[in-house]
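# Overview (structure and organization)
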Amino acid sequence: MALPLPLPPMSYLPPLGGEGQEALGRRVAVPWRGEVRVGVVVGEGGRPSHALRHALAYLDGAPYLRPEEVLFLEEASRYLFAPLGQVLADFLPPSPELRHRVRLYPGADPKVLPKGLEALTAWQEARGFDPRLLDPLREAGVLEEEVAFKEGRRVLLPLKEAHPDPTLDRVLQALRSMGQAESQAALARAAGVGVGRVRRLLEEGYVGYGEPLASPPPGEPVEPLPLPERPERLNGGRFLERVRLLAGLVAEGDHLVLFPEVSLLERFLRHFPRARPYHGGLPPKEREALFRAPRGLVFATYGGLLLPFTPRSLVVVEEGSESYKLPSGSRAFVPPLAEMRARLLGVPLTYLSLVPAVEVLERPGLTFPVPRPRLLLVDLRRERGHPLTGRALALLKQVEEKGRQAVVLSPRLGYSALLLCADCGYRPNCPDCALPLRYHKEAKALLCHQCGHREPPPPLCPRCGSTLLEPRGPGLEWIQEELKRRLALPVYRYTKEEKDDLGPLLAGKPGVVVGTTALLRGPTLPELALVLLPYADGFLYEADFRAAERYHRLLWALTELRPGRRPLLALQTYTPDHPAHLALLEGSVEAFPWAEKALREALAYPPRVRMVKLEVAHRLEERALEAAFALREALKGVAGEEEVLGPAPAPIPRVKGQHVFHLLLKGSTERLAELLSRLDRRRFRLDPDPHRFVGLLED
DNA sequence: AGCACGCCGACT
DNA sequence: GTCGGCGTGCTC
């Protein structure tokens, strides 16, 4: 039985009265450290080395997971170097709440009840009793327990068309126009009548309780673009062409389509009336319902991988997206798991994306022609003007004159202005992280974007006393202000945290939006004519080997910000001849990934070998370094020179008051498992497929 | 993960 | 003498 906790499976005896029943894949309630928790049976039999406890109850009539899903969990656990329970925790939808009642077995002597538990001669809700008192009774076998999932939330639904009584009919029609009501009182309020009227309708059978309605799927279907053969990857094309290609791949029968994030899933969903969404944003009931009976065309985020059905095929959309990386738990990167799932189910898998990930390049596939981007490279080594060069301003002026729209993209808030001394080069740092503090003009404060540390800016340079201490670097706020100063256009802001109402823009009014990459997930601007990156290199200067691949993918994604038309993409950059730029000028989505792949081959980076990251962190640098070297030491004689990299300080060596060191291990899954088995897992955190090297791993 | 236990250095 | 951080073992 596996609990959704970072633990390997544990053994229990079947629930009393449940002996001999099929158990594999069923959910069970079990006593766990004094409380009751929900787990899934992942195996049967075995020879226990100690006395086992009884599970309390099966929670489902039929298995919740099939043997196929259990096998997948086992394989994924091996692949991710994570306990099976961790994988379960990552992929299982959250369990509904438990209703747990207890009493003393009717035959038992009430004298066994300790003080305070006398009430247990009758059924009682288990919560409210100290689990530490209940557990001994359970152990002694005198506690009768009843465990089941709580009844789901039920809503009021109309059952008939009309009611002869006009007053009651008004209430009925109110419910019909609402679709459903939370409660009798809610309906009465909405209809402006007393609850008595609603109760009458209920008694007469005109309304009744039922499951909440699923959200209605809108959608204008597209003409499918069928292919003679099913390729393993499909790239390029326009967005709508990829939608049509997908429609061709999943034309009939059961299919599972994975998306990196909900916003992209919904963009596709508009064209697939047949598709059912499955993701964390759905009401739990809806999600649960699909999990219990998955079929048809399912559009899902990563959790869809555990849906207990065998689709005809799997499609992974935008396999290179960073959003496939789970930030916590097993820290899995999803596409390889999708591949594993398809292999175990014996069904084909297709990657569908604009720019192929380096990892999938070698698969047989099709790349469709892409409209050549309109790219303008502004060389910051030659052009004057900061943060906006003369050329950039001229472009913005054009947008203004023509009454169009522009997007100005800043590389995260973290790159907002730095406070720099023009005399001595002094730059204030965060006392807890080894990061320069960012100057936030609106807040008139220096902020650490990593840990949130905040301090007032010094009036003079603390090092040389100069008055020339001022903000430098094109931060989002600075750019926003500069735009407001130079343009008559309204300026909007769009970040993950702060989303201005873009209503006027969506209605076609002119304006400029300043934002982060959150803009890629935002609404489509109908009159978008210009996309400007005032500091394109900011996206490139990140300390990991995938930074360039990400940047290239970002540029291509920007060319699709306004499907159907091609806004001008203007980049202010110190490296105009970067291969990613050349690839766009060439109009090739594949050229850069191929070059990148060759580079990775030469350096023995993924995908040639797997790489895992071990992270050691401590408040004291000495201790962190010591622990990191201890890991290296433990591998001495076991691992070869080329299999271990580091320890090295993390790109940002101090985060949240902790000094961070990394150790990288390279090799096959089996080899890595062997190396990791030599190490004490409590001494480090593991990332089984690192994509970024900045920051601390989350739990 | 979360908890108990024991060790050890630090400090009122 | 006590407190808190840290390593270790364990959960069925």
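Residues numbered from 1 in each chain as written. Chains lettered and ligands numbered in written order. Predicted model: local features only at pLDDT ≥ 70, side-chain atom pairs only at ≥ 80, totals over all residues. Heavy atoms only, no water.

Broken down by element type, chain A carries 19 helices and 30 strands. Overall, chain A is about 90 × 80 × 65 Å in size when its C-alpha atoms are taken along their principal axes. Counting contacts in chain A only where the partners sit at least 6 residues apart, residues at least 24 apart contribute 70% of the total. With an accessible surface of roughly 32500 Å², chain A has 52% of that area assigned to carbon and sulfur atoms. For chain A, the distance from the average site of its 95 positive side-chain charges to the average site of its 87 negative ones is 3 Å. (Helix = DSSP H or I, 4+ residues; strand = E, 2+ residues; numbered from the N terminus. Contact = heavy atoms within 4.5 Å. Areas by Shrake-Rupley, 256 points an atom, 1.4 Å probe, with all protein chains shown as cover. Lys, Arg positive; Asp, Glu negative; His and termini not counted. Charge placed at Lys NZ, Arg CZ, Asp CG, Glu CD.)

Domain annotation of chain A identifies domain 1 (26-149), domain 2 (155-210), domain 3 (233-368), domain 4 (375-416 + 473-599) and domain 5 (610-688). A separation of 53 Å is found between the C-alpha centroids of domain 2 and domain 4. (Domains from an automatic or database assignment.)

Tallied over the full model, the rule gives 10 aromatic pairs. With a centroid separation of 6.5 Å and 75° between ring planes, the pair formed by Phe 72 and Phe 91 is classed as edge-to-face. Of this pair, Phe 72 sits in helix H1 (residues 67-80) while Phe 91 sits in helix H2 (residues 84-91); the two residues are 19 residues apart in sequence, bridging distant segments of the chain. Among the residues examined, Phe 91 registers a relative accessible area of 1% and is labelled buried. A ring pair is formed by Tyr 324 and Phe 333, whose centres lie 6.5 Å apart and whose planes are at 90°; its orientation type is edge-to-face. (Phe/Tyr/Trp six-rings, centres within 6.5 Å; stacked < 30°, edge-to-face > 60°. Buried < 20%, exposed > 50% of the residue type's maximum accessible area, 1.4 Å probe, protein only.)

In the vicinity of DNA strand C lie 14 residues, with Ser 11, Tyr 12, His 618, Arg 682 and Arg 683 positioned nearest. A share of 54% is what sugar and phosphate atoms reach among the atoms of DNA strand C within 4 Å of the protein. Taking Arg 623, its side chain carries an N or O atom lying 3.4 Å from a phosphate oxygen of DNA strand C. Within the side chain of Arg 682, a nitrogen or oxygen atom sits 2.6 Å from a base nitrogen of DNA strand C. (Near = heavy atom within 4 Å. Polar contact = N/O pair within 3.5 Å; in protein donor to acceptor, adjacent residues only side chain to side chain.)

Counting buried positions along strand E27 (residues 610-618) yields 7 of 9 residues, so the element is predominantly enclosed. Direction of pairing for E27 relative to strand E30 (residues 685-687): antiparallel, over a ladder of 3 bridges. For Lys 613, the partnering residue across the bridge sits in E30 and is Asp 687. (Pairing = 2+ DSSP bridges.)

Our next topic: the nonpolar core. Ranked by internal contacts, the top residues of the largest apolar core, which has 44 residues, are Leu 258, Leu 305, Leu 314 and Leu 337. If you list the elements that add at least two residues to this core, you get H1, H2, strand E10 (255-258), helix H9 (284-292), strand E12 (297-300), strand E13 (313-317), helix H10 (334-345) and strand E14 (349-353). Residue-level mapping places this core at the junction of two domains, with at least three residues from each of domain 1 (26-149) and domain 3 (233-368). In this structure Leu 305 touches Phe 72, Phe 91, Leu 256, Leu 258, Leu 314, Val 334, Leu 337, Ala 338 and Arg 341, once residues within four positions along its chain are discounted. In this structure, Tyr 494, Val 513, Phe 539 and Leu 569 belong to the second largest nonpolar core, which totals 34 residues. (Core = buried A, V, L, I, M, F, W, Y, C linked by side-chain atoms within 4.5 Å.)

Moving on: the pairing of E12. Of the two faces of E12, the one lined by Leu 297 and Phe 299 and the one lined by Val 298 and Ala 300 are each fully buried. Sheet topology places strand E11 (residues 276-278) next to E12; 3 bridges connect them, and they run parallel. Residue Tyr 278 lies in a different strand from E12, and its bridge partner there is Ala 300. This β-α-β element, E11 to H9 to E12, shows right-handed connectivity. (Right-handed = clockwise from strand over helix to strand, strands pointing away.)

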